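# Structural features, examined
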Amino acid sequence: MMDDQDTQLRRAIGTLLQSDPLIKLLQEVRLGRMKATDVGLRAVVESWIGTYTQVLKSQSLNALMLPRLDPVPRLQVLVDAGVLSWEHPATCELRDVFRSLSPPAA
């Protein structure tokens, strides 16, 4: 069972990394080659958030594995860079989906 969960988690992380804007595009913003408000960057980020949301919805990970897919740290980087806000509809939806999958706090 744990091997299946681990394989599923690795597959989910691999899917997310394929479209992750933090790796290349955020560096362009930091270097001043691209603005945080660039329409193209926004489209890539929103596409990534959509992929992230779909990956979360398609997983059935246990409570021990799910925190590894927590989107908040990656979203925080995008918010800090001015690319997104916490109020952005896609950001809210992604956080809500993750919360709905997480077990209630004890």
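Residues numbered from 1 in each chain as written. Predicted model: local features only at pLDDT ≥ 70, side-chain atom pairs only at ≥ 80, totals over all residues. Heavy atoms only, no water.

### Digging into the overall build of the protein
The secondary structure content of the protein amounts to five helices and zero strands. For the protein, the succession of helices and strands along the chain, N to C, is α-α-α-α-α. Buried positions account for 35% of the 106 residues belonging to the protein. Contacts spanning at least 24 positions in sequence make up 70% of the contacts within the protein whose residues lie at least 6 apart. Summed over all atoms, the accessible surface of the protein reaches about 6400 Å², with 56% contributed by carbon and sulfur. Side chains of the protein carry 12 positive and 12 negative charges; the gap between the two charge centres is 4 Å. (Helix = DSSP H or I, 4+ residues; strand = E, 2+ residues; numbered from the N terminus. Buried < 20%, exposed > 50% of the residue type's maximum accessible area, 1.4 Å probe, protein only. Contact = heavy atoms within 4.5 Å. Areas by Shrake-Rupley, 256 points an atom, 1.4 Å probe, with all protein chains shown as cover. Lys, Arg positive; Asp, Glu negative; His and termini not counted. Charge placed at Lys NZ, Arg CZ, Asp CG, Glu CD.)

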